[in-house]
Amino acid sequence: MSLINGLPKQFSDSDHTPNSPRNQDPTRNHKPNLTPRFRKRIARVRPWKRFKGLVCLIGLVGLFFVVNWWMLYRISHTGFGPKIRSSNNNPISSVVIKKDLREIIEVKRPQKTRFGRLLKLAAHALAEGQMKPEPKGLWEEPYALASNWKPCAEERDWEPSEGNNGYIMITANGGLNQQRVAVCNAVAIARLLNATLVVPKFMFSSVWRDESQFGDIYQEEYFIDYLKPDIRVVKGLPEELQSLDLEAIGSVVTDEDIMKEAKPSFYRKNILPILIKNRVVHFLGFGHRLAFDPIPFQLQRLRCRCNFHALRFAPKIQKAGALILQRIRQNMSYSAPLDYYLVGPYAKKMVKGKGRNPEKGPRYLALHLRFEIDMVAHSLCEFGGGEEEQKELEAYREIHFPALTLLKKTRKLPSPAELRSEGLCPLTPEEAVLMLAALGFNRKTHVFLAGAQIYGGPSRLASLRSLYPHLVTKEDLLSPSELEPFKNFSSRLAALDFIGCTAATAFAMTDSGSQLSALVTGYRMYYGGGRMPTIRPNKRRLADIFLKNSTIQWKIFEQRVRKAVRQTKQIHRRPTARSIYRHPRCLECMCFAE
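As annotated in an unreviewed UniProt entry, the chain is O-fucosyltransferase family protein from Opuntia streptacantha. The UniProt entry for the chain carries the following comment under Pathway (unreviewed entry): "Glycan metabolism." What UniProt records for the chain under Subcellular location (unreviewed entry) is the sentence "Membrane".

A. Structural view of unusual backbone geometry. Here the residue pair D293 and P294 is connected by a cis peptide bond, since its omega of -5° sits within 30 degrees of zero. Mapped onto the elements, P294 comes out in the loop between β7 (280–285) and α9 (297–310). Residues other than glycine seldom take positive phi values, yet N194 does so here, at roughly 55°. With respect to the secondary-structure elements, N194 resides in the loop between α4 (176–192) and β3 (196–198). Its identity is not glycine, yet R279 carries a phi of approximately 75°, on the positive side. Assignment of secondary structure puts R279 in the loop between α8 (264–278) and β7.

B. The arrangement of the packing of aromatic side chains in detail. Enumeration over the complete set of coordinates arrives at 26 aromatic pairs. An angle of 85° between the planes, with centres 5.6 Å apart, marks the rings of F266 and Y267 as edge-to-face. Both residues of the pair, F266 and Y267, count as buried. Centroid distance F283 to F286: 4.7 Å. Interplanar angle 35°. Geometry classified as tilted. Like F283, the residue F286 is buried in the burial classification. By way of ring pairs, the aromatic residues F202, F214, Y218, F223, F308, F313, Y340, Y341, F498, Y523, Y526 and Y527 are connected into one cluster. Stacked on the ring of F489, the Lys or Arg R492 has its end atom at 3.7 Å from the ring centre. The lysine or arginine in question, R573, covers the ring of F592, its NZ or CZ lying 5.8 Å from the ring centre.

About the cut-offs
Every residue gets a number counted from 1 within its own chain, in the order that chain's sequence is written. Local features are withheld for residues below a pLDDT of 70 in this predicted model, meaning they are given only at 70 or higher, and side-chain atom pairs are given and counted only at 80 or more; totals for whole chains, interfaces and linings count all residues. Just so you know, side-chain values use all the structure's heavy atoms and leave hydrogens and water out. UniProt positions are given in the numbering used here, feature names are shortened, and annotations may be inferred rather than shown by experiment. Secondary structure elements follow DSSP: runs of H or I no shorter than four residues count as helices, runs of E no shorter than two count as strands, and numbering proceeds from the N terminus. Stacked, tilted and edge-to-face are the three classes assigned to paired rings of Phe, Tyr and Trp, where Trp is represented by its six-membered ring and a pair needs centres within 6.5 Å; plane angles under 30 degrees give stacked, over 60 edge-to-face, the rest tilted. Note on classification: 1.4 Å probe, protein chains only; a residue is buried when its accessible area is under 20% of the maximum for its type, exposed when over 50%, partly exposed between these limits. Only Lys NZ and Arg CZ are tested; either one counts as a charge over a ring when it is within 6 Å of the ring centre and within 35 degrees of the ring normal.

Written out as structure tokens, the structure reads:
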């Protein structure tokens, strides 16, 4: 056998075969005449060429492990991914680094996590899957079924109410979203009792500490004009009623006077006589004080009309919301299906020329991480902070939830472990990032994180920022001067989160009981046309999966999480007694076309 037949392939190519065009050249010999010196030269080259491919393979594997090690290092330390800020010179320029979150949330202590092993597996899976396509249907909902439902709450089938029986005042408590529900329920009660509604007021809360009133958040004139075909709305009481001592004459009605989710018959029997006698009734609080069933068809439709059409954010909120949407979409000329309903005329300013096809626009995932101290304290769960955490949360409960503190002392309540197994604890940031990674969202995913001050500070977000480096908040996307009008106003900041979440390509919640998540879900359902998927984790099933965090394999973890979330994507009509604000797929709010 000749030496050539023993060479690597790159040396024994077709040019050396007898039938090759090169060897058919009459000016060349069929068989090359190799000198001893040339043979030695080939022998020296052969070992390197033979192992060249192996060396390249080893190099690629080494690079993979270096990248993987770096991701794990980021999880184990409290470093962060890139911060984003807006350029002061060009407020709609590409997003660049902003300020450290330590200026927003005070760091109290390092946070421990029981998910170290799973987080390492998640980092490994994300690093390994960077070149793989995302799972089919990840950014979609069952379109064929969801697209059959169309908004139609604007359709009216009655004459305007004259409001002759008197005036209804409301001072709504809670945060932005609870107040929104209270306003729309008050609109329905005004129509039910043939009363005139005074523009709602918002109660100052020791929890939310926000002095904003209706006109600071919503367009007051638009609200009054839009509801004219339904009820009469005025800005204040007439002069003859302004001097009345409403409490003395029995016209002040608190939440203690009304059962939760009271039926219309309760208001006709108990509130209407007070209204007719005193000419005015003032509801204080009014949190969830009107049932969802049974309600007359047109009255239910009025509630939907109020929530999805009559309440438009004030221009300053719309403008800031439009900047958030434009920057999270990397300043592409694009307007999503819900933009107009959220930011009004500012939606057009985001589109240059003809804009883009909605299906081909930049995608981003919105995550509402409901892990503020009020939620954490009220849940009575434990989150890995030990005795110091327990003392801190108990002190908070004594100030802000005294009734819950008394309940703990007088009754035997379920243990934190029992609460968690029943799915009654909010997902932690670590559980949230594990859910996203298991569902298949890759490291390149742009994530908008909604929420106020996360309990535990920036260290609690370390794993989330490490695995998803393109994660941003409203504080990252707006410059300090753009954010200034909203500072110290939690409801106005919540409105910006509402816009960022509602307009997202996909929305993921961590607590289905959250008012913001509920209203965002309903808004996307009403206007989304079957193209706005929402991820609603079944916390009870996830709790069972997370219990096996020390032994479960990543592939099994992925399969079980995906199954648990997939089951919540089913399309169905609003169940009886469920909120129409959260689930408007019913004939009172939407029309169904086969």
